Amino acid sequence: MKKMILVVFSVLLLISIVAAGCSSSSNSVAIYTAFPEQEVVMYIEQFEEETGIEVKFVRLSAGETLARIKAEKSNPQASVWFGGPSDTFVAAANDDLLEAYQPEGVSEIPEQFRDAKKVWTPIYVGALGFASNTEWLEKEGIEPPQSWADLLKPEYQGNVTMAHPASSGTAYSVYATLVQLKGEQEALDYFLQLDGNIRQYTKSGSAPAKQAGFGETGVGLSFAHDILKPKHEGYPITLSFPSDGTGYEVGAVALIKGAPSEQTENAQKFIDWAISKQAQDLYAESGSFRLPVNPEAKVPEGAVKLSDLSVIDYDAVWAGENRDDLLDKFESYVVGKEAVVE
């Protein structure tokens, strides 16, 4: 009898182990995000409250996320890439790093922002701009820059900060914008000349705006939403845009290919939630000034619409497909990644 009980217990234990190993579901999802940490926490807490799904996240710049996903291609450690310019998602899709997924309701998003190949999903948009420290402008007696050419003037020497295009999706968007405006060689010549006025190359694309607010640099190049946030927090920042044309990002979210299968359903729920009205209304509540792509969502008061600016017809697909080649040329002709200050 004792032997029979032992056998039954062993069988039940084996069944429980097999069941756990074959479990097709989980109560958590792991994500990489390019949103600033203090901002993304609000979004994640809201998703967790609405769904009961726990989110584990790592904050990386868009360029770092792309590099991490490439390095983990044979053994992905996260299921969702949340935030960052779509040209880096295009580059990832071309390297077969993303799993195609389109959430219900994506057809309601304006077509101009959607992925024609239906791999990634748009979640916000925002234009590139200049963040100038107001006190520095007054001290120097100069006006905020109104064009890309203004940044090359002698009065800006040592007082322009931008992220490095290899690590930052924001800076890569700046670079790709200038290439699309001027042509490749003229753009490289521009950045080589601008390098003489650069105070610092940062790793993060939002850092130059913050540095301008702190008075650590005269002018920072960032997306408008990353400039408006510290400006409305009371930092002395003047926002201006290049009148000769500026680029913009379509922020995106996507599934990472080969991610843990037990997280797939939760990862899809996260993307479904990310384009919902209630999720995109949070851009107004978080003070991020991102422009939602869901037509029903609230536009943050004070946000700058693309229709109010001289924006170029930014080709994110071209930018993504040519990313590696353009970055090689930037590093060999202008400055390498070793210039990045953490």
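Everything numeric in this text was worked out from a predicted model, so none of it was measured.

### Focus on the overall build of the protein
Here is step 1 of the chain: On a plain count of helices and strands, the protein comes out with 14 helices and 12 strands.
Here is step 2 of the chain: Here the C-alpha atoms of the protein give a radius of gyration of 22 Å, agreeing with the 20 Å that 2.2 N^0.38 yields for 342 residues.
Here is step 3 of the chain: Principal-axis analysis of the C-alpha atoms places the extent of the protein at approximately 95 × 40 × 35 Å.
Here is step 4 of the chain: Relative to its full complement of 342 residues, the protein shows a buried share of 54%.

### Side note on the packing of aromatic side chains
Here is step 1 of the chain: Applying the stated criterion to the full structure yields 19 aromatic pairs.
Here is step 2 of the chain: With a centroid separation of 5.6 Å and an interplanar angle of 55°, the aromatic rings of F35 and Y124 are classed as tilted. Of this pair, F35 sits in the loop between β1 (28-33) and α2 (37-51) while Y124 sits in strand β5 (residues 121-133); the two residues are 89 residues apart in sequence, bridging distant segments of the chain. Y124 matches F35 in its accessibility class, with the two residues each being buried.
Here is step 3 of the chain: The interplanar angle of 55° and the centroid separation of 6.3 Å between the aromatic rings of Y248 and Y314 together place this pair among those described as tilted. Here Y314 lies in the loop between β11 (291-292) and α13 (316-321) and Y248 lies in strand β10 (residues 248-256), a separation of 66 residues in the sequence.
Here is step 4 of the chain: A relative accessible area of 10% places Y248 in the buried class.
Here is step 5 of the chain: Connected via pairs of aromatic rings, a cluster forms that spans F35, Y43, F47, F82, Y124, F270, W273 and Y283.
Here is step 6 of the chain: Residue placement shows R290 over the ring face of Y124; its charged tip is 4.7 Å from the ring centre.
Here is step 7 of the chain: Above the face of the Y172 ring, R323 is positioned so that its terminal group lies 5.3 Å from the ring centre.

### Quick look at the nonpolar core
Here is step 1 of the chain: Ranked by internal contacts, the top residues of the largest apolar core, which has 102 residues, are V80, F82, I123, L151, M162, F191 and L221.
Here is step 2 of the chain: Discounting chain neighbours no more than four positions away, the residues touching I123 are F35, F82, G83, G251, A252, V253, A274, I275, Q280, Y283, P292 and V293.

### Some remarks on helix α10 (residues 264-274)
Here is step 1 of the chain: Every buried residue belonging to α10 is among N266, A267, F270, I271, W273 and A274, and all of these are buried. On an axial view of α10, the arc spanned by its buried residues comes to 160°, and they lie on one face.

### Focus on empty space enclosed by the protein
Here is step 1 of the chain: By the definition in use, this model includes three cavities of 30 Å³ or more.
Here is step 2 of the chain: Empty space within the largest cavity amounts to approximately 180 Å³.
Here is step 3 of the chain: Along the walls of the largest cavity sit 21 residues, with A34, R59, P85, T170 and D226 positioned nearest its centre.
Here is step 4 of the chain: Of all the elements in the fold, those that place two or more residues in the lining of the largest cavity are β3 (80-85), α6 (169-182) and α9 (224-232).
Here is step 5 of the chain: Here the lining of the largest cavity takes three residues from β3, the largest share from any one element.
Here is step 6 of the chain: Taken together, the residues of the lining of the largest cavity sort by class into seven nonpolar, 10 polar and four charged.

### Examining the packing of α6 against helix α14 (residues 323-333)
Here is step 1 of the chain: The contact between α6 and α14 brings their axes to 11 Å, and the two run at 90°. Taken together, the axes of α6 and α14 are roughly perpendicular relative to one another. For the pair α6 and α14, contact is made by Y172, Y175 and V179 and by R323, L326, L327, K329 and F330, respectively.

### As for the pattern of salt bridges
Here is step 1 of the chain: A complete count under the given rule lists 13 salt bridges for this structure.
Here is step 2 of the chain: Here D96 ties to K257 by a salt bridge, and the two come within 2.8 Å at their closest N and O atoms. With D96 in the loop between α4 (86-94) and β4 (98-99) and K257 in the loop between β10 and α10, this pair connects stretches of sequence that are 161 residues apart.
Here is step 3 of the chain: Judged by its relative accessible area of 33%, K257 falls in the partly exposed class.
Here is step 4 of the chain: Counted as one network, the salt bridges with shared partners bring together K70, D95 and D324.

### Overview of the pairing of β5
Here is step 1 of the chain: With 13 of 13 residues buried, β5 is to be regarded as a mostly interior element.
Here is step 2 of the chain: Here β5 pairs with β10 via six bridges, running antiparallel. Opposite V125, over in β10, you have V250 as the bridge partner.
Here is step 3 of the chain: Pairing of β5 with β11, which is carried by two bridges, proceeds in the antiparallel orientation. Note that in β11 the partner of Y124 across the bridge is P292.
Here is step 4 of the chain: Examined bridge by bridge, β5 and strand β9 (residues 237-240) share four bridges and lie antiparallel to one another.

Rules used throughout
- Residues numbered from 1 in each chain as written.
- Predicted model: local features only at pLDDT ≥ 70, side-chain atom pairs only at ≥ 80, totals over all residues.
- Heavy atoms only, no water.
- Helix = DSSP H or I, 4+ residues; strand = E, 2+ residues; numbered from the N terminus.
- Rg over C-alpha atoms; globule rule 2.2 N^0.38 Å.
- Buried < 20%, exposed > 50% of the residue type's maximum accessible area, 1.4 Å probe, protein only.
- Phe/Tyr/Trp six-rings, centres within 6.5 Å; stacked < 30°, edge-to-face > 60°.
- Lys NZ or Arg CZ within 6 Å of the ring centre and 35° of its normal.
- Core = buried A, V, L, I, M, F, W, Y, C linked by side-chain atoms within 4.5 Å.
- Contact = heavy atoms within 4.5 Å.
- Arc of directions from axis to C-beta.
- 1 Å grid on protein atoms, 1.4 Å probe; cavity = no way out; pocket = protein on both sides within 12 Å on 5 of 7 lines; lining within 4 Å.
- Points joined across faces, edges and corners; volume = space filled by probe spheres on them.
- Nonpolar A, V, L, I, M, F, W, Y, C, P; charged D, E, K, R; others polar.
- Axes fitted to C-alpha atoms, helices over the stretch in contact; angles between N-to-C directions.
- Parallel < 35°, antiparallel > 145°, perpendicular 65-115°, else oblique.
- Salt bridge = Lys/Arg side-chain N within 4 Å of Asp/Glu carboxyl O.
- Pairing = 2+ DSSP bridges.

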